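Structural overview for review
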Amino acid sequence: MRTIIARLLLAVGLCIGCAACGSAPQSAPVIILVPWDQTTDPGEYNAFMKVIDQFEKTGIQVTVRTSRGESQQLDADLAAKDPPDIADFSSPAAVDQYRKKGLQPLKGFQRSLQDYAEPWRSLAMLGTGTAYSIPVKVDIQSLLWYPTSAVKTPPATFPELQSLSRQSGTPVCLGLASGAVSGWPGAKWIEDILTSKYQAGAYKDWLAGTLSWNSPEVTSAWEEWAALIRNGSAVPGGSQGALTTAFNQPMNTSPCVLKHGALIATGLKSTAGYSFVRFPSATGETSPLIVSGDFMGLFTTNPNATKLLAYLVSPQAQDIWVHQAEGDAFSANKKVPVTEYPPGAQQAIARLLQPGAGTTMCFAADDLMVPDMAAAFWQAVLDYANNTSSLPSLLDGLQRTREGAGPSPVWSHACSGGGAS
């Protein structure tokens, strides 16, 4: 790893151009709210704390608060006029929502964001040209994981994926439970199927509202998902098993051989004996990668909080973060080399994010939808998994919700061609 501490001291010592830099004591601690905790997300939490530990060597103290119900906690803090200095968001749509509730513009951060790939760079600025957040951690969702001992020929084409899902027994691992946001793993399946069959154009039209929820394209994506899980019969425990299984239950604890999603969703403490392939295209044309990410924003004028954000967005902090094997973290910073990642699966995934990878990347649709729309989407996934005959009414209901909620506020920045541009 690079000479971290020396570069860190330089990074946090730089002037960020914040107008309020003299308004708080230089010793002011920084309070940051994140969703990872030692009980439910020990790997992610510990990896993040390694990053924070290095920052605190500059003499600035950081208090890390954790909450799985982050939006509820943040709303309560804002109502009490006592927000954290910094908060983490897994959704650019949430960043846009809190921009209207006191999130501060990040002056002087556009230069740092030039190191970041699209679509993360534009989403951090909400398409405004002004930074309202920084992308601190990213994931690729469009992956299919399998044990190499059980799957000798991984599905490289859509017909091969269909064939594998029809094998006897319960070949498809699926957990939809995730607390207040249960259902999102099914949403990622549907998003991947839509882009696999209809590419990025239809995906952006769907987010923009010009392609309805009950259109033939979107309907077929839901129906194909039901077919791949055989209406629940391809999943351990059937539909009810999927509804009650945690999204990150380890693959090796279930009688299944195929799991969809980001590395963190596999629940594996080690990927030894496991590998992945990209979600295959149904058309022969390479389909986009569905990606996601965590963004951090500022709620106060604490100058040390601004310094922490400047550090977190730097290549130095990103190097430390992705180097922690247990954190399963990836970076959209183009200055973070593949060699900073743990060898094996993590380096292979990181290569997909590198400049010149030539891949279209589309941000996860549910993370770009306004919160009410995303919540309705996740609930519809749960209802559909429970009863696949309910699809027409579910999609009609989602279309009505969309007409009330409006399109994604940042739909035009959902996809970016050519990889890490």
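Residues numbered from 1 in each chain as written. Predicted model: local features only at pLDDT ≥ 70, side-chain atom pairs only at ≥ 80, totals over all residues. Heavy atoms only, no water.

**Digging into the sheet that holds strand E7 (residues 258-260)**
The pairing of strands in a sheet comes from backbone hydrogen bonds and takes either a parallel or an antiparallel form. Here 4 strands make up an open sheet; going across it, the order is E6-E7-E5-E8 and the pairing mixed. The sheet is open, and its two borders are formed by strand E6 (172-173) and strand E8 (274-278), each paired with just one other strand. (Pairing = 2+ DSSP bridges. Helix = DSSP H or I, 4+ residues; strand = E, 2+ residues; numbered from the N terminus.)

**Digging into the nonpolar core**
Phe48, Trp222 and Met296 are the most contacted members of the largest nonpolar core, which totals 139 residues. It is helix H8 (residues 184-208) that contributes the most residues to this core, 11 residues altogether. Leaving out residues up to four positions away in the same chain, phenylalanine 48 has contacts with Ile32, Val34, Trp36, Val64, Met296, Leu312 and Trp321. (Core = buried A, V, L, I, M, F, W, Y, C linked by side-chain atoms within 4.5 Å. Buried < 20%, exposed > 50% of the residue type's maximum accessible area, 1.4 Å probe, protein only. Contact = heavy atoms within 4.5 Å.)

**Some thoughts on the state of the cysteines**
Tallied over the full model, the rule gives 2 disulfides. Cysteine 173 shares a disulfide with cysteine 256; S-S distance 2.0 Å. Given an S-S torsion of about 105 degrees, the disulfide between cysteine 173 and cysteine 256 has right-handed geometry. Residue cysteine 173 is found in strand E6, and its partner cysteine 256 is found in the loop between helix H10 (238-244) and E7; the two are separated by 83 residues along the sequence. For the pair cysteine 173 and cysteine 256, one class covers both residues: buried. (Disulfide = S-S within 2.5 Å.)

**Structural notes on empty space enclosed by the protein**
With the rule as written, the count across this model stands at 2 cavities of 30 Å³ or more. There is about 100 Å³ of room inside the largest cavity. Around the largest cavity, the lining comprises 13 residues; the ones closest to its centre are Gly175, Pro185, Lys259, His260 and Ala265. Counting residues per element, the ones that place at least two in the lining of the largest cavity are H8 and E7. In terms of residues, the lining of the largest cavity owes the most to one element, H8, which gives 4 residues. Looking at the lining of the largest cavity, its residues break down into 7 nonpolar, 4 polar and 2 charged. By volume, the second largest cavity is sized at about 30 Å³. The wall of the second largest cavity is formed by Trp206, Leu207, Trp213, Met369, Met373, Arg402, Gly406, Pro407 and Ser408. (1 Å grid on protein atoms, 1.4 Å probe; cavity = no way out; pocket = protein on both sides within 12 Å on 5 of 7 lines; lining within 4 Å. Points joined across faces, edges and corners; volume = space filled by probe spheres on them. Nonpolar A, V, L, I, M, F, W, Y, C, P; charged D, E, K, R; others polar.)

**Digging into the packing of aromatic side chains**
Ring pairs (aromatic) are described by centroid distance and by the angle formed between their planes. In total, this model carries 20 aromatic pairs according to the counting rule given. Considering the side-chain rings of tryptophan 225 and tyrosine 384, the 6.2 Å spacing of their centres and the 35 degrees angle between planes classify their relative orientation as tilted. Remark: tyrosine 384 occurs in helix H15 (residues 371-386) and tryptophan 225 occurs in helix H9 (residues 216-228); sequence separation between them is 159 residues. Three or more aromatic residues joined by ring pairs make a cluster, and in this case those are Tyr203, Trp206, Trp213, Trp222, Trp225, Phe377 and Tyr384. Over the face of the ring belonging to tyrosine 132 we find arginine 99, whose NZ or CZ atom lies 5.2 Å from the ring centre. The lysine or arginine in question, lysine 101, covers the ring of tyrosine 98, its NZ or CZ lying 4.9 Å from the ring centre. (Phe/Tyr/Trp six-rings, centres within 6.5 Å; stacked < 30°, edge-to-face > 60°. Lys NZ or Arg CZ within 6 Å of the ring centre and 35° of its normal.)

**Structural notes on the pattern of salt bridges**
Close approach of charged atoms allows side chains with opposite charge to pair. For the structure shown, the criterion picks out 11 salt bridges. Across the pair aspartate 77 and arginine 65 runs a salt bridge, and its minimum N-O distance is 2.9 Å. Of the two residues, aspartate 77 sits in helix H3 (residues 70-79) while arginine 65 sits in strand E2 (residues 62-66), which places them 12 residues apart along the sequence. Judged by its relative accessible area of 26%, arginine 65 is partly exposed. Two residues, lysine 188 and aspartate 366, come together in a salt bridge whose shortest N-O distance is 2.8 Å. Of this pair, lysine 188 sits in helix H8 while aspartate 366 is found in helix H14 (residues 365-368), placing the two residues 178 residues apart along the sequence. Residues lysine 188 and aspartate 366 agree in their burial class; the two are buried. Connected through salt bridges with shared partners, the residues Glu44, Lys137 and Asp294 form a single ionic network. (Salt bridge = Lys/Arg side-chain N within 4 Å of Asp/Glu carboxyl O.)

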